[in-house]
Amino acid sequence: MKITIGRIDKADFPELSLTDIDVKIDSGAYTSSIHCSNIEEITVDDSTFIRFKLLDPDHDLYNNKEFTFKNYASKVVKSSNGISETRFMIHTEIIMFNDKFPIYLTLSERKDMKFPILLGRKFLNKKFVIDTAKKNLSHKSKNKTK
């Protein structure tokens with residue numbers, strides 16, 4: 001059975017040290033994305049990594065922590081304005097509705113966007129149905145279990 005999700009919510013990303021971060025449900029986007037800064041590919045001892053900082057200093061949850069992922073990929077993403085760009089993509093976990101789900105996130109500099117994280121169709125598919133009249137359904141269920 002699919003879980004009803006609203007148009008916006010809050011989620012946890014334990015591997016990224018993020019709790020109750022705002023997410024926007026974006027059925028127009030195929031992939032999910034997260035706002036990062038200082039995104040760079042680095043090589044250490046013949047191994048390649050992706051290094052980045054989440055969010056930016058203006059965000060309430062910004063912690064200046066640098067993250068490094070060995071397992072990542074590059075993906076060409078077409079933005080809403082029709083421009084294609086290559087972005088790095090990581091695999092991590094998201095907690096919503098008191099359950100852990102695997103998720104792929106493209107790393108994007110979304111500084112001017114209201115929501116630091118967009119959840120796209122690839123993540124939503126087969127798990128959720130969107131009710132645009134509702135919001136924070138996962139966050140409300142999280143608080144009930146405490």
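Scroll up to find the structure this text is about.
The rules we used
Residues numbered from 1 in each chain as written. Predicted model: local features only at pLDDT ≥ 70, side-chain atom pairs only at ≥ 80, totals over all residues. Heavy atoms only, no water. Phe/Tyr/Trp six-rings, centres within 6.5 Å; stacked < 30°, edge-to-face > 60°. Helix = DSSP H or I, 4+ residues; strand = E, 2+ residues; numbered from the N terminus. Buried < 20%, exposed > 50% of the residue type's maximum accessible area, 1.4 Å probe, protein only. Lys NZ or Arg CZ within 6 Å of the ring centre and 35° of its normal. Pairing = 2+ DSSP bridges. Salt bridge = Lys/Arg side-chain N within 4 Å of Asp/Glu carboxyl O. Polar contact = N/O pair within 3.5 Å; in protein donor to acceptor, adjacent residues only side chain to side chain. Contact = heavy atoms within 4.5 Å.

Can you help me understand the packing of aromatic side chains in this one?
Remark: the centre distance and the inter-plane angle together describe each pair of aromatic rings, the angle taken between the planes. Applying the stated criterion across every chain, the model contains seven aromatic pairs. Taking 5.7 Å as the distance between ring centres and 75° as the angle between the ring planes, the aromatic pair formed by Y72 and F88 counts as edge-to-face. In this pair, Y72 sits in strand β7 (residues 72-78) while F88 sits in strand β8 (residues 84-96), placing the two residues 16 residues apart along the sequence. Each member of the pair, Y72 as well as F88, is classed as buried. Each ring, one from F97 and one from F128, has its centre 5.9 Å from the other, and the planes form 40°; the classification is tilted. Residue F97 is located in the loop between β8 and β9 (99-108), and its partner F128 is located in strand β11 (residues 128-130); the two are separated by 31 residues in the primary sequence. Its relative accessible area of 5% is what places F128 among the buried residues. By the ring-pair criterion, three or more aromatic residues cluster together here, those being F97, F101, F123 and F128. The aromatic ring of F49 is capped on one face by K70, whose charged end is 5.3 Å from the ring centroid.

Sorry, what's going on with the pairing of strand β6 (residues 66-69) here?
Residues in a regular strand project their side chains so that they alternate between the two faces of the sheet. Side-chain alternation along β6 places F67 and F69 on a buried face and E66 and T68 on a face that remains uncovered. Relative to β6, strand β5 (residues 47-54) runs antiparallel, the two being bridged by four bridges. Of the residues in β6, the one forming a bridge with K53 is E66.

What's the story with the pattern of salt bridges in this structure? I'm lost.
Opposite charge on two side chains permits them to pair, given that their charged atoms come into close proximity. Using the criterion set out here, one finds eight salt bridges in the structure. Here K142 ties to D20 by a salt bridge, and the two come within 2.6 Å at their closest N and O atoms. Here K142, found in helix α2 (residues 137-144), pairs with D20, found in strand β3 (residues 18-25); they are 122 residues apart in sequence, far enough to count as distant. The exposure class of D20 is partly exposed, given its relative accessible area of 27%. R87 serves as the salt-bridge partner of E85, at 3.1 Å between the closest nitrogen and oxygen. Residues joined by salt bridges that share partners form a network here, namely D12, D20 and K142.

Explain the side chain of S37 to me, please; I cannot follow it from the model alone.
Relative to the assigned elements, S37 resides in strand β4 (residues 32-44). Take S37: its relative accessible area is 11%, and that puts it in the buried class. Within the local environment of S37, its side chain forms a polar contact with the backbone oxygen of L55, the two atoms lying 3.2 Å apart. Sequence-distant contacts of S37, that is, excluding residues within four places in its chain, are made with F52, K53, L55 and E109.

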